[in-house]
Amino acid sequence: MTPVIQTRGLAKRYRRVRALSDCTITVPEGRISALIGPNGAGKTTLLRLLAGLARPTAGQMAVLGGTPRQDPAFLAGIGYLAQEIPLYKRFTAEDHIGIGAHLNPRWDAASARDRLRSLSIPLDRAVGRLSGGQRAQVALTLTLAKRPRLLLLDEPVAALDPLARRNFLATLAAAVADGGLTVVLSSHLLADLERVADHLILLAASRVQLCGDIDALLAEHHVLVGPRKDTTAIEKTRTVVQAVRTARQTTLLVRGNAPVIDPDWESDEVGLEEMVLGYMGQDTPPPIAHLTTVGEDQ
Amino acid sequence: MTWLVWRQHRIQLLIGAAILAVFAVLLLVTGLQMASQWHSALVACTATHSCGDQGGLFLGNRAVGFLVIMTLGAPVLAGLFWGAPLVAAELETGTSQFAWMQSITRRRWLAIKAGWMLLAAAVWGGVISALVTWWSGPNNALHLDAFNPGRFDIMGLVPVAYALFAMALGIAAGTLLRRTLPALAITLAGFIAVRAVIALWLRPHYMSAVTVFYKVTAGYTPRGSYWQLAQGILGPDGRAISTDTVGPVIAGVPATYLPASCAPPNAGAGPIAPSCARALARFHGFVTYQPAGRYWTFQGIETGIFVALAAILLTVTAVVLLRRDA
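What you are looking at is a predicted structure, and each value in this text was computed from that prediction instead of being measured.

(A) Representation of the overall build of chain B within the structure. The number of helices and strands found in chain B is 11 helices and five strands. Overall, chain B is about 90 × 45 × 30 Å in size when its C-alpha atoms are taken along their principal axes. For chain B, the proportion of its 326 residues judged to be buried stands at 47%. Long-range pairs, those at least 24 residues apart, make up 78% of the contacts in chain B with a sequence separation of at least 6. Working note: accessible area of chain B is about 15,700 Å², and carbon and sulfur atoms make up 68% of it. With 20 positive and 9 negative side-chain charges, chain B shows a separation of 7 Å between the mean positions of the two kinds.

Following this line, the structure appears as structure tokens:
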């Protein structure tokens, strides 16, 4: 099956700033992919490239089977919500639903109204007079009402309170479960997305550190705890992602499943957060991290 | 998309329509008054055979007359209030990101938005021009000044072209600068600069002007509402003389150039002395002008220039908007 998103060597440069470098990722259909990375890592740039709002300076990408382009059929398949939650401040939610109905082929006005009513968000009040969280809900509702095949959400839950956050993610998971929808949602906090995401794209310093199925990635990573000693032997068979050395012991985050023979080292499972933080701490990815995509049937 | 354009700009458009309505009422009321005033003046002068001298007649209302002259600035209002914010306000508030992620291409979005606003600008310029042209009928008949700068610019076709140009300029400035306020400033400055350059330096040369030489004793006035570009007196040596004097002037020639026989009180009192007539015969008057018959040709040329400029600006806007990252 063709992945919904496939990029190779994608790069974006704004004048002298590299916003994204050598980005190679694959997202299969039906996944909820968490796009994680510190502020300024290139998450927004990647999403904007995928949505066709910006053009790459290098590399190739296929989104929904084609290059992002100005074409109504392509645009109809993409739902993109920018971080700034752009809405017409003086228009009501109902006005926005009207705009969507006029500009989209598969517009689901009824479910948009239902969703907003269930959140007790007034449909007839100018969105500029709604609270920040309510505005975000309106924008998300409108993005879902477009019934896209690929949903690209830039920090969608940032403006929501914890309850609304959970509620929104549940809506998202249900929409994906119904089939035909793939989601990429960015956040700089993994905890936001951990509950629903089954796929991970980790960006740091404008590069892809990890991309793949979360379970497969976790199975590939281990924490090794051992005495303070030379780690050359381990580095021969595995990639050391992060090494923390104290006076008494060394803690290594390693990638690769080669068995550890040296009895001095104790191998442990790694948690998602631990793994992600390990990668965020460094600037250049280990050689294999950006060349292979784990856990995909390609 | 048309629905969105209307929903977004209906307040602006309704305000524009209200201004047009008020303006129309003012001009209709005073215009009808003026027409009847002019008609009775004609009846009166025909009775006394004095229709050649109507210089002292004043038609209409000074305030409305001033308002009519102010319509020189009306076209740029379309560019300022409708054109400059059209794209800039969306880029500024980010709503363009909402609009562009609906199932509509940016090209179509711009075409429909700009198309309707250009139509609105044309209606704005056209209605004002139609009212002003009708209202000025009696005054043009009286002063024969329809071709003069300042009058030419507020009547006929050109106000429509100016409004289209102002709108295109506003849209282009807003798109390039991405911010409404600087776009407003550029639209205003650009409109005034382009209008001034074309009206002052280009318009007189749309067709080569006609120059007529005449005997100063006979005098000469071109027919109808001509546009006078230059006028003067050539001396016996064929060079223009200065007619700028506070002293007495005989048949347009300052008395200092003429023999004493021409000097007052001799002059004007009776037939011109033969020596004076001989002296005057060596002077020639000239007038350089665009004949009244070229009025609509000039309107057409100027309209063409501004419509072409508008087309160029809109092309640049489209290219920039489609090429640039959103």
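(B) View of the sheet that holds strand 1 (residues 210–215) of chain B. All names here are of chain B. Overall, antiparallel pairing links the three strands, which are arranged 1-5-2 in an open sheet. Of all strands in the sheet, those with a lone pairing partner are strand 1 and strand 2 (227–234), marking the two edges. Between one strand axis and the next, the sheet turns through 20 degrees on average, direction left out of account. Both strand 2 and strand 5 (residues 284–290) contribute to a ladder of seven bridges, which runs antiparallel.

(C) Just the interface of chain B and chain A, in detail. With 22 residues of chain B at the contact, the number on the chain A side is 34 residues. Here chain B packs against chain A, burying approximately 2,600 Å² in sum over the two surfaces, 59% of which is carbon and sulfur. For the chain B face of the interface with chain A, the top three residues by lost area are Phe98(B), Met101(B) and Ser103(B), together amounting to 29%. Here chain B and chain A share two salt bridges between them. Residues of the side of chain B that touches chain A, tallied by class, amount to 10 nonpolar, seven polar and five charged.

(D) Seen up close, helix 7 (residues 158–177) of chain B. Residues and elements named next belong to chain B. Between its first and last C-alpha atoms helix 7 spans 28 Å; for 20 residues at 1.5 Å apiece the expected length is 28 Å, and the two agree. A large share of helix 7 lies buried, amounting to 17 of its 20 residues. Backbone geometry just after helix 7 places Arg 178 at a positive phi near 65 degrees.

(E) View of the pattern of salt bridges. The tally for this structure, following the rule as stated, stands at 13 salt bridges over all chains. Linking Asp325(B) and Lys12(A) is a salt bridge whose minimum nitrogen-to-oxygen distance equals 2.5 Å. With one member in each of two chains, Asp325(B) in the segment after helix 11 (295–323) and Lys12(A) in strand 1 (residues 5–14) form a pair that bridges those chains. Residue class for Asp325(B) comes out buried when judged on its relative accessible area of 18%. Ionic pairing is found between Arg69(A) and Asp71(A), a salt bridge with its closest N-O pair at 3.9 Å.

(F) Region of the structure containing the pairing of strand 9 (residues 199–204) of chain A. Residue and element names in this part refer to chain A. Judged by how many residues are buried, strand 9 sits mostly within the fold: six of six residues are covered. Burial of the side chains of strand 9 extends over both faces: His 199, Ile 201 and Leu 203 are buried on one face and Leu 200, Leu 202 and Ala 204 on the other. Relative to strand 9, strand 4 (residues 32–36) runs parallel, the two being bridged by four bridges. Bridge pairing in strand 9 links Ile 36 to Leu 202. As defined by bridge partners, strand 9 adjoins strand 10 (residues 207–213) across six bridges and the pair is classed as antiparallel. Paired with Ile 201 across the bridge in strand 10 is Cys 211. Counting the residues in the hairpin turn of strand 9 and strand 10 gives two residues, including Ala 205, whose phi is positive at 50 degrees.

(G) Representation of a nonpolar patch on the surface in the model. Residues Leu176(B), Leu177(B), Ile186(B), Ile312(B) and Val316(B) make up a contiguous nonpolar surface patch of roughly 410 Å² in combined accessible area. Tracing the backbone through its elements, the reader meets Leu176(B) in helix 7.

About the thresholds
- Residues numbered from 1 in each chain as written.
- Chains lettered and ligands numbered in written order.
- Predicted model: local features only at pLDDT ≥ 70, side-chain atom pairs only at ≥ 80, totals over all residues.
- Heavy atoms only, no water.
- Helix = DSSP H or I, 4+ residues; strand = E, 2+ residues; numbered from the N terminus.
- Buried < 20%, exposed > 50% of the residue type's maximum accessible area, 1.4 Å probe, protein only.
- Contact = heavy atoms within 4.5 Å.
- Areas by Shrake-Rupley, 256 points an atom, 1.4 Å probe, with all protein chains shown as cover.
- Lys, Arg positive; Asp, Glu negative; His and termini not counted.
- Charge placed at Lys NZ, Arg CZ, Asp CG, Glu CD.
- Pairing = 2+ DSSP bridges.
- Axes fitted to C-alpha atoms, helices over the stretch in contact; angles between N-to-C directions.
- Buried area = accessible area lost by both parts, 1.4 Å probe.
- Salt bridge = Lys/Arg side-chain N within 4 Å of Asp/Glu carboxyl O.
- Nonpolar A, V, L, I, M, F, W, Y, C, P; charged D, E, K, R; others polar.
- Expected span 1.5 Å × (residues − 1).
- Patch = residues over 30% accessible without salt bridge, like charges linked within 9 Å, V, L, I, M, F, W, Y side chains within 5 Å.

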